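The primary structure of each chain is shown beneath.
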Amino acid sequence: MTVQQEAPTGGSDGAGEPLEVWIDQDLCTGDGICVQYAPEVFELDIDGLAYVKSADDELLQEAGATTPVPLVLLQDVVDSAKECPGDCIHVRRVSDRVEVYGPDAE
């Protein structure tokens, strides 16, 4: 089992609601900072761009593909979004799809 399968999802957005993350590859600079912070969630593909991975560790290459954010990795995913030079990592609540971390966070 991967960490994503074992860990409950949730956030520190006050409600503890499940969160998901996605990457806008059109803005990705391929620096790999996200992979350094959270290799369980992000991976660079042969095209040099970052993508999210499924709970089964499968690279999700579809545009707008999302994956759950495991609670144990939440801070690493948030740090990835904050440090990303392309501002392309979006973390949002699953329930209402409101971005809580990333370039479009309120």
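Residues numbered from 1 in each chain as written. Predicted model: local features only at pLDDT ≥ 70, side-chain atom pairs only at ≥ 80, totals over all residues. Heavy atoms only, no water.

**Some details on helix α3 (residues 74-83)**
Then step 1. The set of residues buried in α3 consists of Leu-74, Val-77, Val-78, Ser-80 and Ala-81. Buried residues in α3, looked at end-on, bunch into an arc of 155°, giving them a common side.
Then step 2. Buried residues along α3 sit against β1 (19-23), α2 (33-37), β2 (42-44), β6 (89-93) and β7 (99-101). (Buried < 20%, exposed > 50% of the residue type's maximum accessible area, 1.4 Å probe, protein only. Helix = DSSP H or I, 4+ residues; strand = E, 2+ residues; numbered from the N terminus. Arc of directions from axis to C-beta. Contact = heavy atoms within 4.5 Å.)

**Some words on the sheet that holds β1**
Then step 1. Across the sheet, which stays open at both edges, the four strands sit in the order β5-β1-β6-β7 with antiparallel pairing between neighbours. At either end of the open sheet lies a strand with only one pairing partner, and these are β5 (67-68) and β7.
Then step 2. Two elements, β1 and β6, share five bridges in a ladder whose sense is antiparallel. Within β6, the position partnered with Leu-19 by the bridge is Arg-93.
Then step 3. Packed on one face of the sheet, α3 meets β1, β6 and β7 and runs near 135° to β6. (Pairing = 2+ DSSP bridges. Axes fitted to C-alpha atoms, helices over the stretch in contact; angles between N-to-C directions.)

**Section: the pairing of strand β3 (residues 50-53)**
Then step 1. Pairing geometry for β2 and β3, over three bridges, is antiparallel. Considered in β3, the bridge of Leu-44 is made with Ala-50.
Then step 2. Where β2 folds back onto β3 in an antiparallel hairpin, the turn is made up of five residues, including Gly-48, whose phi is positive at roughly 85°.
Then step 3. One ladder, built from two bridges, connects β3 with strand β4 (residues 59-60); its direction is antiparallel. Looking at the pairing, Val-52 lines up with Leu-60 of β4.
Then step 4. In this structure, the hairpin formed by β3 and β4 is closed by a connection of five residues, where Asp-57 is found at a positive phi of approximately 70°.

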